[in-house]
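Single-letter residue listing:
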Amino acid sequence: MQSLGLDVLFKGKNFVRLLGGLWVAVRISLISVAISIALGLIMGMLMAGKNRVLKAMFRVYLEIVRIMPQMVLLFVVYFGTTRVFGWNLSPEASAIIVFSFWGVAEMGDLVRGALVSIPRIQYESAEALGLTTAQVYLYVILPQTFRRLVPLSINLITRMIKTTSLVMMIGIVEVLKVAQQIIEANRRTSPNAAFGVFATVFLLYFLICWPISRLAGYLEKRWA
Amino acid sequence: MENALLEIKDLKKAYGEHVVLDDLSLAVNKGEVVVVIGPSGCGKSTLLRCINALEDIQGGQVLLDGQPVLRQAKNISRTRQKIGMVFQSYDLFPHKTILDNILLAPMKVQKRPRAQAEAEALELLDRVGLADRKDDYPRQLSGGQKQRIAIVRALIMHPEILLLDEITAALDPEMVHEVLQVVLDLAKNGSTMLIVTHEMTFARAIADRVLFLEGGRIVEESADPKAFFARPATERARQFLRTFEY
């Protein structure tokens, strides 16, 4: 059998560089997720509310996000805005903007879904006990919303981590780009490196995403 | 005449054109058990919901201890503490244990210390035979057990009146009995109750007064439940009661 090309990983600082690239990917998704959760909560509450104009606007926004490929958004924000608006966005800032634009929409819709899924009678039986509106939300509605929300938003996090593999297209040196560089640099000495290095990248993504997705599954069962 | 604990005067409730309660008047005295029966859609559940101000009303008044119950009033939380309500679908809070379900209102609304509220909760749980389930979650209980917990959750607030809205309608027949036994005990101990039910034998056993409701009006009222169930005065009530015979 041919060599699997794993040897390159042990040359110099190659493996550490891969891990560094992984951190770039995780950092972009963590920041984007934090923004998405904060703004998504607000958007979800507004979407579950009564203002029709706002609801229609969010509907359109959500559709745009769902239809538009993330890569196109990345190109529009990173390459497109530079000349037209004169913005000098760093690749990482562009990536965070695009991922948040996507995440806020999805998160907002998740929050909306969780809020409207709490039956009317839960509000009423809490009110009937004499709880004030604020107490009804604080002790009865929001804890239940939160429990429905957490597993769903964890899934969004794993999807974001996976999608960060696109950001190398706007020049961010994340884990996949590092992998490419390592393979290019060792083309002569280890021609089989593509297999070993990309397989390692796969494994790294798996090691990050699998526990997160197991956690979501566990919480979903526990709080069902 | 002594003032009634609960007094309803010309209560009117409508959804748009559809009138659900049509100038309904009713008084419930302290210690009295009033049972409301009638065909579905007659307005009996809506009546209970209006008393607790869970619905907007289009006219008339609900008075508890002579004080109006108003949905938008600042003191509505205080008023509702005096009115215990149990719903058909139990509606325990699924994210809280049985004990926490019971303790939420006394601790957060009445600001009672936990130890004192907990002692009473355990006593009440013991009375309904569920003391050993205090740390379980609602999903681990049967329908009849959940409904008994819902009754305890209402009782711990020391309500002046209990509103029971078809509390056995969603239960399997063998669970109906255990729940109604609890209610019978309450009646024996002098609780004031307004009960909406489809259990006619239960109604006959527990009622001091029976109201037959149809089309948002009281069609027949009787202070002698035995006589009412044996020989209702109105043709309409007779027809209704016949639907329970085979």
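Residues numbered from 1 in each chain as written. Chains lettered and ligands numbered in written order. Predicted model: local features only at pLDDT ≥ 70, side-chain atom pairs only at ≥ 80, totals over all residues. Heavy atoms only, no water.

Peer 1: For this particular structure, what's the right way to read the packing of helix α1 (residues 14-48) of chain A against helix α2 (residues 52-67) of chain A?
Peer 2: Two packed helices can be described by the angle between their axes and the distance between those axes. Residue and element names in this part refer to chain A. Where α1 contacts α2, the axes come no closer than 8 Å and their chain directions differ by 125°. Between α1 and α2, the interaxial angle falls into the category oblique. As for the relative orientation of α1 and α2, their crossing is left-handed in sense. Residues Met43, Leu46 and Met47 of α1 form the contact with α2, whose participating residues are Leu54, Lys55, Phe58, Arg59 and Tyr61. Residues that form the contact of α1 with α2 fall into these classes: six nonpolar, no polar and two charged. (Axes fitted to C-alpha atoms, helices over the stretch in contact; angles between N-to-C directions. Helix = DSSP H or I, 4+ residues; strand = E, 2+ residues; numbered from the N terminus. Parallel < 35°, antiparallel > 145°, perpendicular 65-115°, else oblique. Left-handed = near helix turned anticlockwise from the far one by under 90°. Contact = heavy atoms within 4.5 Å. Nonpolar A, V, L, I, M, F, W, Y, C, P; charged D, E, K, R; others polar.)

Peer 1: How should I be thinking about the interface of chain A and chain B in this particular structure?
Peer 2: Where interface size is quoted, it is often the accessible area lost as the parts come together. Between chain A and chain B, the contact holds 19 residues from the first and 24 residues from the second. If you sort the residues of chain A by the area they bury against chain B, A:Ala128, A:Leu129 and A:Tyr139 come out on top, with a joint share of 32%. If you look at where chain A meets chain B, you find two salt bridges. Among the ionic pairs, B:Arg80 bridges to A:Glu127, the shortest N-O distance being 3.8 Å. Scanning the region where chain A abuts chain B turns up six residue pairs in polar contact (both at pLDDT 80 or more). Breaking the side of chain A that touches chain B down by element, the ones donating at least two residues are α5 (120-128) and α6 (133-163) of chain A. Take the side of chain A that touches chain B: its biggest share by element is seven residues, from α5(A). Each residue belonging to the side of chain A that touches chain B can be placed in one class, and the counts come to nine nonpolar, six polar and four charged. (Buried area = accessible area lost by both parts, 1.4 Å probe. Salt bridge = Lys/Arg side-chain N within 4 Å of Asp/Glu carboxyl O. Polar contact = N/O pair within 3.5 Å; in protein donor to acceptor, adjacent residues only side chain to side chain.)

Peer 1: What should I look at first to understand a positive patch on the surface in this one?
Peer 2: Residue and element names in this part refer to chain A. A surface patch of positive charge is lined by Lys50, Arg52, Lys55 and Arg120. Relative to the helices and strands, Arg52 resides in helix α2. For Arg52, a relative accessible area of 72% puts it in the exposed group. (Patch = residues over 30% accessible without salt bridge, like charges linked within 9 Å, V, L, I, M, F, W, Y side chains within 5 Å. Areas by Shrake-Rupley, 256 points an atom, 1.4 Å probe, with all protein chains shown as cover. Lys, Arg positive; Asp, Glu negative; His and termini not counted. Charge placed at Lys NZ, Arg CZ, Asp CG, Glu CD. Buried < 20%, exposed > 50% of the residue type's maximum accessible area, 1.4 Å probe, protein only.)

Peer 1: Looking at this model, I keep getting lost on the sheet that holds strand β2 (residues 18-28) of chain B. Mind explaining?
Peer 2: Within a beta sheet, neighbouring strands are joined by backbone hydrogen bonds and run either parallel or antiparallel to one another. All names here are of chain B. If you trace the four strands from one edge of the open sheet to the other, you get β2-β1-β4-β5, paired in antiparallel fashion. The sheet is open, and its two borders are formed by β2 and β5 (67-68), each paired with just one other strand. On top of the sheet, helix α1 (residues 44-51) reaches β1 (6-15), β2 and β4 (59-64); it is set at about 115° to β1, its chief contact. (Pairing = 2+ DSSP bridges.)

Peer 1: Explain the side chain of B:Arg112 here, please?
Peer 2: All names here are of chain B. You can see Arg112 is positioned in the loop between α3 (98-108) and α4 (114-127). Its relative accessible area of 13% is what places Arg112 among the buried residues. There is a polar contact of 3.2 Å between the side chain of Arg112 and the side chain of Gln116. Once you skip the residues sitting within four places of it in the chain, Arg112 turns out to touch Pro106, Met107, Ala117, Glu120, Ile156 and His158.

Peer 1: Is there a simple way to explain the sheet that holds strand β3 (residues 33-37) of chain B in this structure?
Peer 2: Residues and elements named next belong to chain B. Sheet architecture is open: six strands sit in the order β6-β7-β8-β3-β9-β10, paired in mixed fashion. Each edge of the open sheet carries a strand with a single partner, namely β6 (83-86) and β10 (217-222). With strand direction ignored, the average angle separating the axes of adjacent strands in the sheet is 20°. As judged from the four bridges shared by strand β7 (residues 161-165) and strand β8 (residues 193-196), these two strands associate in the parallel manner. The partner of Leu164 across the bridge, within β8, is Ile195. Contacting β6 and β7, helix α5 (residues 143-155) crosses the sheet at an angle of about 170° to β6. Sheet strands touched by helix α6 (residues 173-188): β3, β7 and β8. Its angle to β8, the strand with the most contacts, is close to 150°.

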